[in-house]
Amino acid sequence: MTANWAAFATAEPNLAGTVEKRFGAYTHHVLATLRKDGSPRTSGLEVRILGGELWFGMLPGSLKALDLRRDPRFALQANPGEGAGMGGGDVRISGRAIEVDDAETKARYVEEVEPPEPFHLFRTELTDVVRTYVEDDEYLVVQIWTPGNPLRTVKRV
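*Asks:* Residue-level account of the pattern of salt bridges, with values.
*Replies:* Side-chain pairs of opposite charge can arise whenever the charged atoms involved come near each other. Counted by the stated rule, this structure contains 10 salt bridges. Notably, a salt bridge pairs Arg70 with Asp67, separated by 2.6 Å at the nearest N-O pair. One end of the pair, Arg70, and the other, Asp67, are both in helix α3 (residues 63–70), three residues apart, so they sit about a helical turn from each other. Looking at Arg70, the relative accessible area reads 40%, which means it is partly exposed. Two residues, Arg73 and Asp71, come together in a salt bridge whose shortest N-O distance is 2.7 Å. Looking at Arg73, the relative accessible area reads 49%, which means it is partly exposed. Classification of Asp71 as buried rests on a relative accessible area of 18%. Salt bridges sharing partners connect three or more residues here, namely Arg41, Asp67 and Arg70.

*Asks:* Explain the packing of aromatic side chains residue by residue, including any values.
*Replies:* As enumerated under the stated definition, the model contains five aromatic pairs in all. Ring geometry for Phe56 and Phe74: centres 5.0 Å apart, planes at 80 degrees, overall edge-to-face. Remark: Phe74 occurs in strand β5 (residues 73–77) and Phe56 occurs in strand β4 (residues 53–58); sequence separation between them is 18 residues. Per residue, the accessibility class of Phe56 equals that of Phe74, and both read buried.

*Asks:* Lay out the nonpolar core with the relevant residues and their values.
*Replies:* Counting 25 residues, the largest nonpolar core has Phe8, Val19, Phe56, Leu76 and Ile93 as its most contacted members. Counting only elements with at least two residues in this core, the list comes to α1 (5–11), α2 (13–25), β4, α3, β5, β6 (90–99) and β7 (120–135). Residue contributions to this core peak at four residues, all from α2. Other than its neighbours up to four places away in sequence, Leu76 contacts Phe23, His29, Val30, Leu31, Leu45, Val47, Leu54, Phe56, Val91, Arg92 and Ile93.

*Asks:* Any chance you could break down the layout of surface pockets for me, citing the residues and the numbers?
*Replies:* Looking at the largest pocket, its volume works out to about 260 Å³. Breaking the lining of the largest pocket down by element, the ones donating at least two residues are β2 (40–45), β3 (47–50), β4 and α4 (103–113). Of the residues in the lining of the largest pocket, the class split is nine nonpolar, two polar and four charged.

*Asks:* Describe in detail α3, supporting the description with residues and values.
*Replies:* When we look at burial in α3, the residues that qualify are Lys64, Ala65, Asp67 and Leu68. All buried residues of α3 lie within an arc of 160 degrees about the axis, which places them on one face of the element. If you follow the buried residues of α3, they end up packed against β1 (29–34), β2, β4, β5, β6 and β7.

*Asks:* Just give me the short version of the pairing of strand β9 (residues 152–156), but keep the residues and values in it.
*Replies:* The sheet contact formed by strand β8 (residues 139–145) and β9 spans five bridges and is antiparallel. Each bridged residue has a counterpart across the sheet, and for Val142 the counterpart in β9 is Val154. Joining the antiparallel neighbours β8 and β9 is a turn of six residues, in which Gly148 adopts a positive phi near 80 degrees.

*Asks:* Give me the lowdown on unusual backbone geometry, citing residues and values where you can.
*Replies:* At the junction of Glu117 and Pro118, the peptide bond is cis and its omega measures out at -5 degrees in the coordinates. Of note, Pro118 is situated in the loop between α4 and β7. At Glu114, a position not held by glycine, the phi torsion is positive, near 55 degrees. Here Glu114 shows up in the loop between α4 and β7. What makes Glu114 exposed here is its relative accessible area of 68%. The phi dihedral of Asp137 falls on the positive side, at around 50 degrees, and the residue is not glycine. Relative to the assigned elements, Asp137 resides in the loop between β7 and β8. Judged by its relative accessible area of 80%, Asp137 falls in the exposed class.

Rules used throughout
- Residues numbered from 1 in each chain as written.
- Predicted model: local features only at pLDDT ≥ 70, side-chain atom pairs only at ≥ 80, totals over all residues.
- Heavy atoms only, no water.
- Salt bridge = Lys/Arg side-chain N within 4 Å of Asp/Glu carboxyl O.
- Helix = DSSP H or I, 4+ residues; strand = E, 2+ residues; numbered from the N terminus.
- Buried < 20%, exposed > 50% of the residue type's maximum accessible area, 1.4 Å probe, protein only.
- Phe/Tyr/Trp six-rings, centres within 6.5 Å; stacked < 30°, edge-to-face > 60°.
- Core = buried A, V, L, I, M, F, W, Y, C linked by side-chain atoms within 4.5 Å.
- Contact = heavy atoms within 4.5 Å.
- 1 Å grid on protein atoms, 1.4 Å probe; cavity = no way out; pocket = protein on both sides within 12 Å on 5 of 7 lines; lining within 4 Å.
- Points joined across faces, edges and corners; volume = space filled by probe spheres on them.
- Nonpolar A, V, L, I, M, F, W, Y, C, P; charged D, E, K, R; others polar.
- Arc of directions from axis to C-beta.
- Pairing = 2+ DSSP bridges.

Below is the structure:
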C-alpha cells in the first residue's frame, strides 16, 4: 500500500510537519536507489513538497533517474545537518518514484522551482515514514508511519 504526501499529512499532521521541517532545513539530502545489478546507489538530491506531493527533480540521464525508471523503489534520508544535534530527529522516507512526463505538471513544477532544463521529474508514493529522536536524554524514540495504519511509536532505553 502507498500514499502520496497529502494522504500522509492528513493521517499524521504533526509528524508530517516535523518531517517537512527536517527536509526544509537543508537543501541537499541522500537518495538511495537500486542499480541494474541490485546493489544500492546513494546520491545527493534536492526534494520539494508541492501541491500535496513529494517531488524529485533530476538532471537528464542521471544514474539515479535511470535507476528509478528501471526500479522505482527508493529510500530518502534527510540531511542530518551539522554536528550531532539532529534537531527534529533523523527522518527517512521510503516508497516508489513515478516519472512524470505530463507537460502541464512539469510546467507547474518549473514555475515553482525553476530547475535547469531539461530534467526528469518524479512524483513519489510513500510506503513508510520513520522519525528517530532522543527524548529527555534517556529514550530513543522511533515513530513509524505506514499507509492505512496508525502511527506506531517505540521507545528504547
